[in-house]
Amino acid sequence: MDLNIKGKTALVCASSRGLGRGCAEALAEAGVDLVLNARGAQALEQTAQEIRDRWGVKVIAVAGDVSDEGDRAALIKAAQGVDILVNNAGGPPPGMWSDWNRDDFIKALDANMLAPIALMTALLPGMIDKGWGRVVNITSGSVKAPIPQLGLSNSARAGLTGYVAGTSRQVAPFGVNINNLLPGIHDTDRAASLDGGVSKAQNISVEEARAQRIATIPARRYGTAEDFGAMCAFLCSDRAQFIVGQNILLDGGAINATL
């Protein structure tokens with residue numbers, strides 16, 4: 001399917017690896033030029049060069065932490081005029097309710113709610129002026145079904161979801177669509193970290209922890225970055241004109257919910 005976005009430009013955050021890279025690769029395959037961001041400069045530049053070599057698109061790499069005001073300002077400057085924004089940031093660490101204090105919540109909100117809102121605030125006006133734009137926020141399946149040990153993530157991502165619910169309806173009349181993409185378990189560093197935590201807590205091997213979780217997924221596998229990137233690219237495409245303010249779950253059927 002021709003997504004009809006060749007020649008557009010996208011900012012993809014946290015895109016040196018994992019789900020962010022999956023989105024960047026899928027957009028590049030569709031002919032989209034990229035501004036890539038991640039905290040690690042070396043890994044980011046390596047990813048940027050690999051995408052340039054593979055897909056022949058223009059790629060600018062801007063290293064920095066989106067939750068840091070100075071780094072974010074530099075990223076916004078480099079990304080002015082983009083047509084597409086893919087917000088993404090690693091989730092805060094798991095734990096118990098009794099483990100977290102105010103500083104922990106502020107850090108989670110900065111990374112997973114306030115930073116994506118700041119990027120939207122900065123880049124939406126340019127999209128509105130063009131009469132076309134796409135924003136995809138990578139959140140979490142925990143928005144649909146909160147995960148007890150991920151209380152920091154549950155809180156921050158739910159806040160972002162509420163913001164998008166209202167804002168998406170305000171900008172849709174100008175040809176700008178905002179949606180959220182909710183991953184379940186995908187085969188990324190984050191999944192490996194969570195499997196490691198289960199392994200330690202239950203005194204079982206990482207392989208056993210992974211097998212336990214796979215058994216809870218009707219598709220009987222973890223998702224891949226390619227699975228995720230394909231859906232992201234579709235939501236960023238001209239084919240998704242009538243999708244506004246939605247929370248789209250990619251979890252292999254793991255969350256059993258009517259809505």
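Check the entry above for the structure.
Bear in mind the structure is a predicted one, so any value in this text is a computation, not a measurement.

Asker: Would you explain the pairing of strand 1 (residues 9-12) in this entry?
Answerer: Note on strand geometry: in a regular strand, side chains alternate between the two faces of the sheet. Strand direction decides the pairing type here: strand 1 and strand 2 (residues 33-38), joined by 4 bridges, are parallel. Along strand 2, the bridge assignment pairs Ala 10 with Leu 34. Direction of pairing for strand 1 relative to strand 4 (residues 84-87): parallel, over a ladder of 3 bridges. In the strand pairing of strand 4, Ala 10 is matched with Ile 84.

Asker: Sorry if this is basic, but what is going on with the nonpolar core here?
Answerer: Note that soluble globular proteins tend to have their nonpolar side chains buried in a common cluster. Among the nonpolar cores identified, the biggest contains 32 residues, and Val 12, Leu 27, Leu 34, Leu 36, Ile 51, Val 86 and Leu 181 are the most heavily contacted of them. Of all the elements in the fold, those that place two or more residues in this core are strand 1, helix 1 (18-29), strand 2, helix 2 (41-55), strand 4, strand 5 (133-138), helix 8 (225-235) and strand 7 (247-250). If sequence neighbours within four positions are ignored, Ile 51 has contacts with Ala 24, Glu 25, Ala 28, Leu 34, Leu 36, Gly 56, Val 57 and Val 59. In terms of nonpolar packing, the next biggest core, distinct from the first, is built from 23 residues, Val 35, Ile 76, Met 127 and Ile 178 among them.

Asker: Teacher, can you tell me more about the sheet that holds strand 1 here?
Answerer: In a beta sheet, neighbouring strands are held together by backbone hydrogen bonds and run either parallel or antiparallel to one another. A sheet is described by the order of its strands in space; here 7 strands give the open sequence 3-2-1-4-5-6-7, paired in parallel fashion. Edge positions in the open sheet fall to strand 3 (59-63) and strand 7, since each of these has one partner strand only. Direction aside, the axes of adjacent strands within the sheet are offset by 15° on average. Relative to strand 5, strand 4 is paired through 4 bridges, and the arrangement is parallel. Bridge pairing in strand 5 links Ile 84 to Arg 134. With respect to the sheet, helix 1 is in contact with strand 1, strand 2, strand 4, strand 5 and strand 6 (176-183), its orientation differing from that of strand 1 by roughly 170°. Running at roughly 155° to strand 6, helix 5 (residues 151-171) makes contact with strand 5, strand 6 and strand 7 of the sheet.

Asker: When you look at the packing of helix 4 (residues 102-130) against helix 5 in this model, what are you seeing that I'm missing?
Answerer: Between two packed helices, what matters for the description is the angle formed by their axes and the separation of those axes. The interhelical angle for the contact between helix 4 and helix 5, taken along N-to-C directions, is 20°, at an axis separation of 8 Å. One element, helix 4, and the other, helix 5, form an angle in the roughly parallel class. As helix 4 runs across helix 5, the sense of the crossing is right-handed. Here Asp 104, Phe 105, Ala 108, Leu 109, Asn 112, Met 113, Pro 116, Ile 117, Met 120, Thr 121, Leu 124 and Ile 128 of helix 4 lie close against helix 5, whose contacting residues are Gly 151, Leu 152, Ser 155, Ala 156, Arg 157, Gly 159, Leu 160, Tyr 163, Val 164, Thr 167 and Val 171. Here the residues of the contact of helix 4 with helix 5 are counted per class, giving 15 nonpolar, 6 polar and 2 charged.

Asker: Looking at this structure, I do not really get unusual backbone geometry. What am I missing?
Answerer: Backbone geometry follows two general trends: most residues other than glycine have a negative phi, and most peptide bonds adopt the trans configuration. At Asn 4, a position not held by glycine, the phi torsion is positive, near 60°. Structurally, the position occupied by Asn 4 is in the segment before strand 1. Backbone geometry at Arg 220 places phi at a positive 60°, although glycine is not the residue there. Overall, Arg 220 belongs to the exposed group, its relative accessible area being 52%.

Asker: Looking at this model, I keep getting lost on helix 6 (residues 189-202). Mind explaining?
Answerer: Given 3.6 residues per helical turn, the α-helix brings residues three or four places apart onto the same face. The end-to-end C-alpha distance of helix 6 is 20 Å, a good match for the 20 Å that 14 residues give at a rise of 1.5 Å each. Those residues of helix 6 not exposed but buried are Ala 191, Leu 194, Asp 195 and Ser 199. Considered in projection along helix 6, the buried side chains sweep an arc of 145° and stay on one side of the axis. Across helix 6 from its buried face, at more than 90 degrees, point the exposed residues Asp 189, Lys 200 and Ala 201. Buried residues belonging to helix 6 abut helix 7 (206-214).

Asker: What am I meant to see in the pattern of salt bridges here?
Answerer: Pairing of side chains with opposite charge becomes possible as their charged atoms draw close. What the rule picks out here adds up to 9 salt bridges. A salt bridge links Lys 130 to Asp 83, with the nearest nitrogen and oxygen atoms 2.8 Å apart. Placement of the pair is Lys 130 in helix 4 and Asp 83 in the loop between helix 3 (69-79) and strand 4, with a sequence separation of 47 residues. Between Arg 221 and Asp 227 there is a salt bridge whose closest N-O contact spans 2.9 Å.

Asker: Is there a simple way to think about the side chain of Asp 83 in this case?
Answerer: Given a relative accessible area of 9%, Asp 83 falls into the buried group. There is a polar contact of 2.8 Å between the side chain of Asp 83 and the side chain of Lys 130. Ignoring sequence-local partners within four residues, the contact set of Asp 83 consists of Lys 8, Thr 9, Met 127, Lys 130, Trp 132, Gly 133 and Arg 134.

Asker: Help me out: how do you make sense of the packing of helix 1 against helix 2 in this one?
Answerer: For the pair helix 1 and helix 2, the least separation of the axes is 10 Å and the interaxial angle reads 25°. Between helix 1 and helix 2, the interaxial angle falls into the category roughly parallel. Note on packing geometry: the crossing formed by helix 1 with helix 2 is right-handed. Where helix 1 abuts helix 2, its residues Arg 21, Ala 24, Glu 25, Ala 28 and Glu 29 lie against Thr 47, Glu 50, Ile 51, Arg 54 and Trp 55. Here the residues of the contact of helix 1 with helix 2 sort into 4 nonpolar, 1 polar and 5 charged.

Rules behind the numbers
- Residues numbered from 1 in each chain as written.
- Predicted model: local features only at pLDDT ≥ 70, side-chain atom pairs only at ≥ 80, totals over all residues.
- Heavy atoms only, no water.
- Pairing = 2+ DSSP bridges.
- Helix = DSSP H or I, 4+ residues; strand = E, 2+ residues; numbered from the N terminus.
- Core = buried A, V, L, I, M, F, W, Y, C linked by side-chain atoms within 4.5 Å.
- Buried < 20%, exposed > 50% of the residue type's maximum accessible area, 1.4 Å probe, protein only.
- Contact = heavy atoms within 4.5 Å.
- Axes fitted to C-alpha atoms, helices over the stretch in contact; angles between N-to-C directions.
- Parallel < 35°, antiparallel > 145°, perpendicular 65-115°, else oblique.
- Left-handed = near helix turned anticlockwise from the far one by under 90°.
- Nonpolar A, V, L, I, M, F, W, Y, C, P; charged D, E, K, R; others polar.
- Expected span 1.5 Å × (residues − 1).
- Arc of directions from axis to C-beta.
- Salt bridge = Lys/Arg side-chain N within 4 Å of Asp/Glu carboxyl O.
- Polar contact = N/O pair within 3.5 Å; in protein donor to acceptor, adjacent residues only side chain to side chain.

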